[in-house]
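Analysis of the macromolecular model
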Amino acid sequence: MRKSVLIVISLLLSAAAFAQLKPAGTQGSLKGITYYDASELPLLGKIEEASQPRWSRIPESLFPSLREPLVYLGQNSAGMAVRFRSNSTRIAAKWTAKNNSSMNHMTDTGVKGLDLYCLEDDGWHFVRSGRPTGKTTDAFIIENMTAKEREFILYLPMYDGLTELLIGIDDSAGISAPAVDLPSRKKPVVFYGTSIMQGGCASRPGMASSNLIGRKLNRETINLGFSGNGRLDLEIARFMAKADAGVYVLDFVPNASVHEIDSLMVPFFNILREAHPNVPVIFIEDPIYPFSAYDAKIAKEISAKNSMLKKKYDLLKGNKVKGIYYISSKNMIGDDGEATVDGIHFTDLGFERYVDLVLPVIRKALK
């Protein structure tokens, strides 16, 4: 009897939650579908969730102090995701890409598409991708589901931003903020890095390393990868220090020069550590790119940068700095040459191998 009462109460609470989200003023083209403004739903992957622009990783207030490429890339929605709950048999989306970007070595689905996952008893399961058709896309992501309440996470574009995102569901269905606090939003993992960290070149958003790790940990992750521009800007360190992080993961070596690592790595670290004395920090070496076996100049550059990273790390250890970790790239992406798109940026296989190497260290640091 008590169990039945609890179920009824749960259903009533769910119905009340559904009623809280009102249809968006703008509509899409799909019949039998009502659209809701996704900006009214929880947004994961931002240090300051309430900051504007809504779909930007970097707040507008920070723009004047940053290099121009960081302002542009900071408005890419890499690693961000919308959480919601619905009993709809169909999930659609209407979204407008900020720049309508396209690249010659990455799928449009990864660049400016969406990825939908559903929470099951054993974790998050891939549902289907929202494949872009142009600057604005209005399409079903999934159809023909049974009508029951489900928890969803919708990953946003990796190499473009958004100016609008609407989620479409059956006219008769409801949508609300999630009823389950997963991924946990306490003590997120904050990543800083380069194009690979940003998600280049995952086939779809859910396959980027920060999103893979977020699902495996069931913990919020914040992706501050800046393509070609992970160069230890101290303004970014100060911004990262605002996060109530569980661990910081620093993977900047592919973009930083030997001189930048020498002069900026320790000051960058000190900004984080002064703000959060007990938060672990992980340093990661430059990957050993397959083509470096043939390009002697690149091989020498990788070796020099990794040597400088290790030198500065050893300096911190020698000064008895605790809670820091170092990950060698020796076995990062395997030795078969099959883990990159272009000899540098990772395929989905490369991201899986990267996560297999990095995730155990993150788990250890979080403990």
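Above this text sits the structure in question.
First, a word on what this report is: a plain description of the structure on this page.

Procedures and definitions
- Residues numbered from 1 in each chain as written.
- Predicted model: local features only at pLDDT ≥ 70, side-chain atom pairs only at ≥ 80, totals over all residues.
- Heavy atoms only, no water.
- Helix = DSSP H or I, 4+ residues; strand = E, 2+ residues; numbered from the N terminus.
- Rg over C-alpha atoms; globule rule 2.2 N^0.38 Å.
- Buried < 20%, exposed > 50% of the residue type's maximum accessible area, 1.4 Å probe, protein only.
- Pairing = 2+ DSSP bridges.
- Axes fitted to C-alpha atoms, helices over the stretch in contact; angles between N-to-C directions.
- Contact = heavy atoms within 4.5 Å.
- Core = buried A, V, L, I, M, F, W, Y, C linked by side-chain atoms within 4.5 Å.
- Salt bridge = Lys/Arg side-chain N within 4 Å of Asp/Glu carboxyl O.

Now for the overall build of the protein chain. Summing up its helical and strand segments, the protein chain has 9 helices and 15 strands in all. Relative to the compact-globule value of 21 Å for 367 residues, the protein chain shows a C-alpha radius of gyration of 21 Å, a close match. In terms of overall dimensions, the protein chain has C-alpha extents of about 65 × 45 × 45 Å along its principal axes. Out of the 367 residues belonging to the protein chain, those deemed buried represent 56%.

On to the sheet that holds strand β7 (residues 136-142), then. Taken together, 4 strands build an open sheet; the order of strands is β1-β9-β4-β7 and the sheet is antiparallel. Two strands bound the open sheet, and with one partner strand each, they are β1 (33-37) and β7. Pairs of neighbouring strands in the sheet enclose a mean axial angle of 25°, with direction left out of account. Examined bridge by bridge, strand β4 (residues 91-97) and β7 share 6 bridges and lie antiparallel to one another.

Our focus in this paragraph is the environment of Ser56. With respect to the helices, strands and loops of the structure, Ser56 is situated in the loop between β2 (43-44) and α2 (68-74). Since its relative accessible area comes to 1%, Ser56 is described here as buried. Sequence separation between Ser56 and Gln75 is 19 residues, and the spatial gap between their C-alpha atoms is 4.2 Å. Those residues within four positions of Ser56 in sequence are excluded, and the remaining contacts are Lys46, Phe63, Gly74, Gln75 and Met80.

If you look at the biggest cluster of nonpolar residues, it comprises 43 residues, and the most contacted ones within it are Met240, Tyr248, Leu250, Phe252 and Phe283. Sorting elements by how many residues they give to this core places helix α7 (residues 258-275) first, with 7 residues. Look past the residues within four positions of Phe283 in its chain and what remains in contact with it is Leu250, Phe252, Met265, Phe269, Leu309, Tyr313, Leu316, Ile324, Tyr325, Tyr326 and Ile327. The next biggest cluster of nonpolar side chains, apart from the first, holds 30 residues, and it includes Leu212, Val247, Met332 and Ile333.

Further remarks concern the pattern of salt bridges. The tally for this structure, following the rule as stated, stands at 17 salt bridges. For Arg85, the salt bridge is made with Glu149, and the minimal N-O distance between the two is 2.6 Å. Residue Arg85 is found in strand β3 (residues 81-86), and its partner Glu149 is found in the loop between β7 and β8 (150-155); the two are separated by 64 residues along the sequence. Accessibility expressed as a relative area gives 16% for Arg85, which makes it buried. Between Arg85 and Glu151 there is a salt bridge, with its nearest N and O atoms 2.5 Å apart. One end of the pair, Arg85, is in strand β3; the other, Glu151, is in strand β8, and 66 residues separate them in sequence. Overall, Glu151 belongs to the buried group, its relative accessible area being 5%. The structure contains a network of salt bridges with shared partners spanning Glu49, Arg54, Arg185 and Glu220.

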